[in-house]
Amino acid sequence: MQSSLLADDDLPDTASLVSTVARRATPGHFDEWSAAAAGTAAAAGHPPAPHWQAFFNTLGTAGWADLGARALRVQHRVREDGATYNVYAEHSSRPWPLELLPFIVQPQEWAAIEAGVLQRARLMAATLADIYGAQTLLRDALLPASLIFAHPQYLRPAHGVWPAGASGQGQGLHIAAFDLARSPDGSFRLLAQRLQAPSGLGYLLENRLIIAPQFHDQFAGLHVQRLAATFRTLLDGLMRASPAGERSRIVLMTPGPLNETYFEQVFLARYLGITLVEGSDLTVRGNKLFLKTLHGLEQVHVLLRRVDDEFLDPLELRPDSQLGVPGLLQAMRAGEVVMANAPGAGVLESPGLAAFWPGVAERLLDEDLLLPASTSWWCGEAAVWRAQRSRLAEFVAAPTFPDSGFGPRVVAQLSDAEQESLAERIDEQPAAYTLQARVRPSETPVWVGGQLHPRAAVLRVFALADGAGGWRVLPGALTRVAGRDHEQGAGQHDPWLSMQHGSSSVDTWVITRGVVDQTSLLPMPLTADELAGWHRTVTSRAAENLFWLGRYTERAENSVRLVRVMLESLHDASEPVLRLLDRLARFHGLIGPGVPALQKAPRVFERALLNGLAVDRPGAGGAVAASSPHPSRTTSVAHNLRSLRQCAQTLRERLSPEHWKLIQEVDDHFEQHLSVVLALGEGTAPAPDVLGVLGRAATHLAAITGAQTDRMTRDDGWRLLSVGRQIERLHMLSHALALGFELKVHEADDGFDLLLGLFDSVITYRAQFQGRREVLPLLHLVVADTDNPRSLAWVARTMRDRLRKLARQDADWAQAVTAGLPEPQHWPLAALARPDAEGCHAELIGRLRDCSAAARNLSDEVGRHLFAHVASPDRTVWQ
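Residues numbered from 1 in each chain as written. Predicted model: local features only at pLDDT ≥ 70, side-chain atom pairs only at ≥ 80, totals over all residues. Heavy atoms only, no water.

**Student:** Describe the confidence of the model for the protein, with residues and values.
**Tutor:** Within the protein, residue pLDDT values average 87, and 89% of them lie at 70 or more. Highest mean pLDDT in the protein belongs to strand S24 (residues 508-510) (98); lowest belongs to strand S25 (residues 876-878) (39). Segment residues 165-170 is flagged for pLDDT under 50; beyond a separation of four residues in sequence, or across chains, it makes 8 contacts in the model. Considering only residues more than four positions removed or in separate chains, one finds that residues 617-634, a stretch of pLDDT under 50, has 54 contacts. (pLDDT = per-residue confidence, 0-100. Helix = DSSP H or I, 4+ residues; strand = E, 2+ residues; numbered from the N terminus. Contact = heavy atoms within 4.5 Å.)

In structure tokens form, the structure reads like this:
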């Protein structure tokens, strides 16, 4: 089929040829390809609409032949950007599904959409001001009080948060999204509205930035309007509404990496040049909102949020929320922070209100609605349900309230028994159901393997407040199209084309008759003076994750090294070595508490060690007591690798693709390879096979260490990562060395080598001291040698220097907290190397235990001071 488009030069124009491989739309739907209802005289012959004709004629036959390569480039760019969509039902993330061809809107069509959306935005703002203020709409029954007050997103604590005023031109509603579909007659109708925390702006941007370069000539030739000016309007509007004006600090509040649209939240924050935060990054002090950073508290004036209403403030809303900020609503009432959008707007998303909007528009705006909505009937009105019960099969039964335990159902697709059961449920709880007319959205062409397939399409159009009482409609949309499993009649399966149910997305081009706006959000060039003082803000949450990224990298390396040493030494080790290995395994949680001593049952111990490699187990005393984000502190090798990955997941923007891939691979490969060797060994694989798996993990971890050392910018975040590594290293090595000397392991040849192995210093010792088995050179290398990165002196000095540098704005605290760190390079090694009268090294052991305690104490102090900001008076560094 495709080759027919590449024939001789005397063939018709490209658009006409493409028509021969463009499938016809479903009868009864509007066909975007021909700009006519499918099956009508206007669509006879299936000619392309003028804009599609211009698109493909400028593309040419060579361009048509290249569409397959362009589609591959699109998918490559999606993967390169890390664009994903998290699917809750699958507990996984999918690459963002983006199709190649855009949805094109003509100027006159957009003018009608724009006018209707602007009016709807004004109507929503005015309605919210009324229901959280004078409540005249409820008093006069223009809105059903029984629906409003029963809605879980009508928030009584939001009274006093929404600005008053009959015009509704306050600063409560800043972003409004409206889902539209083109009906068979060619007009657009409203399907739903999203006002609480509308999603899609980031994906809309990603679509444009990927697709427009694939069709540069067509984008320019069709005069497609650009997006940046409208986003500039949003930022300017937020600053106008803010008490700090142009000096406002704006942040975007995300629920976190597990949220379904986390990618777009990261992407949008980057595009707008604002900080991405989670609730734990913020704190309210004195009715003001602050961002917790490494260098203190920075006041936040505007909160662009993607956290749902009920989770925003555990003091006044959902008390078990860990996503919000205690005291946030009170800070809003005090006028110290602006939120986009203010809590409580979600109540107007209910489909049960659709039939009431014409009357509300007449009251509040004195206008007729310009943008019609699909027919809806709220069953909470007894007369309505009685009238529509016999016609139930004609509708989609949708929930009136969110989280009702059921989703939209196309009633006609149900069996007779299921329809009767549904009717009975509506009889029991009529207010919980809304009947909506079946939607027949238009179908837009999608390129599939050399043909154009029609897919149902729904547009999400955004209105953004300008902060001066006006609105601006973004000239584009997040357009969802039916997935490939339901190409035609997709609305029969998923009425609203939800991304959760497998729909795809396309870029949306709005053609303008006027001048294409050239506004850019690129900032002004920086001056040399500005660059001299430039630094990247590190939030306390990001800092804590960087700290624990270092901790878990080191902890994973240590656990892998310990297990390897144990497996290599179990069957021919001396008695002191066996006792040391037994103590270390229990201290670090590598075996369970009921396992017999290694000296008594080496085979049982080995099986327990192997079986425990992938088992999560409550940590023993070896887990450093600190402000860990993972309080269970399980300590198997697999757990440490998984925790490393979880920390890295929250820091994707700071890690190179190669660094992130290494962390993914070490976790995945260890789990996969270990499960294979354990299965072959029926749960107790031979030690050599397990050693191979551990060796590969050690290689991966060495590469990760290299990436952290050589591929990350050495800012304060990196310094904190390094401090985390050194705390873990100082604690582990000083404890192991103290225990070794307590058990007199150094007196045995294999014990001497074991201590060097734990410090990863065997080769260095042999190069410097050949075959000597002397305590003094051993202590010199692993305790006092500041050139050995595994020595206690190097670790303590590095930790002290980096902590003081990253806490330079609080030098007194840094000096105080590092004053207690040991300085092993100044220890009297000659005296410490000599045993006392009882043949022990009590003073050395005491100093080593002090090192381990100092590491634990420093970890606690770092957590309190840099992450929680609770141990000292507020330090506001910028407001």
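Still to come is the rest of the account.
**Student:** Give a description of the sheet that holds strand S17 (residues 409-410) that names residues and reports values.
**Tutor:** One open sheet holds the 4 strands; their spatial order is S15-S18-S16-S17, and the pairing between them is antiparallel. Two strands bound the open sheet, and with one partner strand each, they are strand S15 (376-378) and S17. The pairing of strand S16 (residues 395-399) with strand S18 (residues 433-437) spans 5 bridges and is classified as antiparallel. Residue pairing for S18: phenylalanine 395 is matched across the bridge by alanine 437. (Pairing = 2+ DSSP bridges.)

**Student:** Explain the environment of glutamate 575 residue by residue, including any values.
**Tutor:** Tracing the backbone through its elements, the reader meets glutamate 575 in helix H18 (residues 575-587). Taking the relative accessible area as the measure of exposure, glutamate 575 reaches 44% and is therefore partly exposed. (Buried < 20%, exposed > 50% of the residue type's maximum accessible area, 1.4 Å probe, protein only.)

**Student:** So what's going on with the packing of aromatic side chains? Which residues, and what values?
**Tutor:** All told, the structure shown has 24 aromatic pairs when counted by the stated rule. Relative to tryptophan 509, the ring of phenylalanine 219 lies with its centre 5.3 Å away and its plane at 90°, an arrangement referred to as edge-to-face. With phenylalanine 219 in helix H8 (residues 216-221) and tryptophan 509 in strand S24, this residue pair connects regions lying 290 residues apart in the sequence. A relative accessible area of 0% places tryptophan 509 in the buried class. An aromatic cluster of at least three residues, connected via ring pairs, comprises Trp33, Trp52, Phe55, Phe56, Trp64, Phe215, Phe219 and Trp509. (Phe/Tyr/Trp six-rings, centres within 6.5 Å; stacked < 30°, edge-to-face > 60°.)

**Student:** Before we move on, can you summarise the packing of helix H22 (residues 687-710) against helix H23 (residues 716-742) with the specific residues and values?
**Tutor:** Interaxial distance between H22 and H23 falls to 10 Å at its minimum, and their mutual angle equals 140°. The angle between H22 and H23 falls in the class oblique. Here Thr705, Gln708 and Thr709 of H22 lie close against H23, whose contacting residues are Trp718, Leu721 and Arg725. Partitioning the contact of H22 with H23 into residue classes produces 2 nonpolar, 3 polar and 1 charged. (Axes fitted to C-alpha atoms, helices over the stretch in contact; angles between N-to-C directions. Parallel < 35°, antiparallel > 145°, perpendicular 65-115°, else oblique. Nonpolar A, V, L, I, M, F, W, Y, C, P; charged D, E, K, R; others polar.)

**Student:** An account of the sheet that holds strand S13 (residues 302-305) is requested, with residue identities and associated values reported.
**Tutor:** On the basis of which strands lie adjacent, the open sheet formed by 4 strands has the order S9-S8-S13-S14 and parallel pairing. At either end of the open sheet lies a strand with only one pairing partner, and these are strand S9 (275-277) and strand S14 (338-340). Neighbour-to-neighbour, the strand axes of this sheet turn through a mean angle of 30°, independent of strand direction. Sheet contacts for helix H9 (residues 228-241): strand S8 (250-253), S13 and S14; angle to S8, the most-contacted strand, approximately 110°. The strands touched by helix H10 (residues 262-272) are S8, S9 and S13; relative to S9, the strand with the most contacts, the crossing angle is about 150°.

**Student:** Describe the pairing of strand S7 (residues 188-194), naming the residues involved and giving the relevant values.
**Tutor:** Both strand S6 (residues 175-182) and S7 contribute to a ladder of 6 bridges, which runs antiparallel. Across the sheet, arginine 182 pairs through a bridge with phenylalanine 188, a residue of S7.

**Student:** Go over the environment of arginine 306, please, and point to the residues and values.
**Tutor:** In this structure, arginine 306 sits in the loop between S13 and helix H11 (328-333). Take arginine 306: its relative accessible area is 12%, and that puts it in the buried class. Once residues lying within four places of it in the same chain are set aside, the contact partners of arginine 306 are Ala197, Pro198, Ser199, Leu252, Met253, Pro255, Thr261, Glu264 and Gln265. Within the structure, the side chain of arginine 306 is placed 3.0 Å from the side chain of threonine 261, a separation counted as a polar contact. (Polar contact = N/O pair within 3.5 Å; in protein donor to acceptor, adjacent residues only side chain to side chain.)

**Student:** Account for unusual backbone geometry, naming residues and giving values.
**Tutor:** Cis geometry marks the peptide bond from alanine 340 to asparagine 341; its omega dihedral reads 0°. The topology assignment puts asparagine 341 in the loop between S14 and helix H12 (357-364). With phi around 60°, glutamine 135 is a residue other than glycine that occupies positive phi space. Along the polypeptide, glutamine 135 turns up in the loop between helix H4 (107-131) and helix H5 (136-139). Using a relative accessible area of 23% as the deciding quantity, one classes glutamine 135 as partly exposed. Of note, asparagine 287 is a non-glycine position whose phi angle comes to about 65°, a positive value. For asparagine 287, the location among the structural elements is in the loop between strand S10 (282-285) and strand S11 (288-293).

**Student:** Can you lay out the packing of helix H17 (residues 540-569) against H23 for me, pointing to particular residues and giving the numbers?
**Tutor:** Packed helices, taken two at a time, are described by the angle between their axes plus the distance between the axes. At a closest axis distance of 7 Å, the pairing of H17 and H23 adopts a crossing angle of 35°. At the point where H17 passes H23, the crossing takes the right-handed sense. Taken together, the residues of H23 that come into contact with H17 (itself represented by Ala543, Leu546, Phe547, Leu549, Gly550, Arg551, Thr553, Glu554, Arg555, Glu557, Asn558 and Leu562) are Gly717, Leu720, Leu721, Val723, Gly724, Arg725, Ile727, Glu728, Arg729 and Met732. Residue classes in the contact of H17 with H23 are distributed as 10 nonpolar, 5 polar and 7 charged. (Left-handed = near helix turned anticlockwise from the far one by under 90°.)

**Student:** Kindly report on the pattern of salt bridges, identifying the contributing residues and their values.
**Tutor:** Under the criterion given, the structure shown has 46 salt bridges. In this structure, the salt-bridge partner of aspartate 179 is arginine 460, at a minimum N-O distance of 2.8 Å. With aspartate 179 in strand S6 and arginine 460 in strand S20 (residues 451-465), this residue pair connects regions lying 281 residues apart in the sequence. Like arginine 460, aspartate 179 is buried. (Salt bridge = Lys/Arg side-chain N within 4 Å of Asp/Glu carboxyl O.)

**Student:** Help me get a handle on helix H14 (residues 416-428), residues and values and all.
**Tutor:** Under the 1.5 Å per step criterion, the end-to-end length of H14 is 19 Å for 13 residues, consistent within 8% with the ideal 18 Å. Of all the positions in H14, only Gln419, Leu422, Ala423 and Ile426 are classed as buried. Taken end-on, H14 shows its buried residues confined to a sector of 100°, consistent with a single buried face. Across H14 from its buried face, at more than 90 degrees, point the exposed residues Ala417 and Glu428. Packing partners of the buried residues in H14 comprise helix H13 (382-388), S16 and S18. (Expected span 1.5 Å × (residues − 1). Arc of directions from axis to C-beta.)

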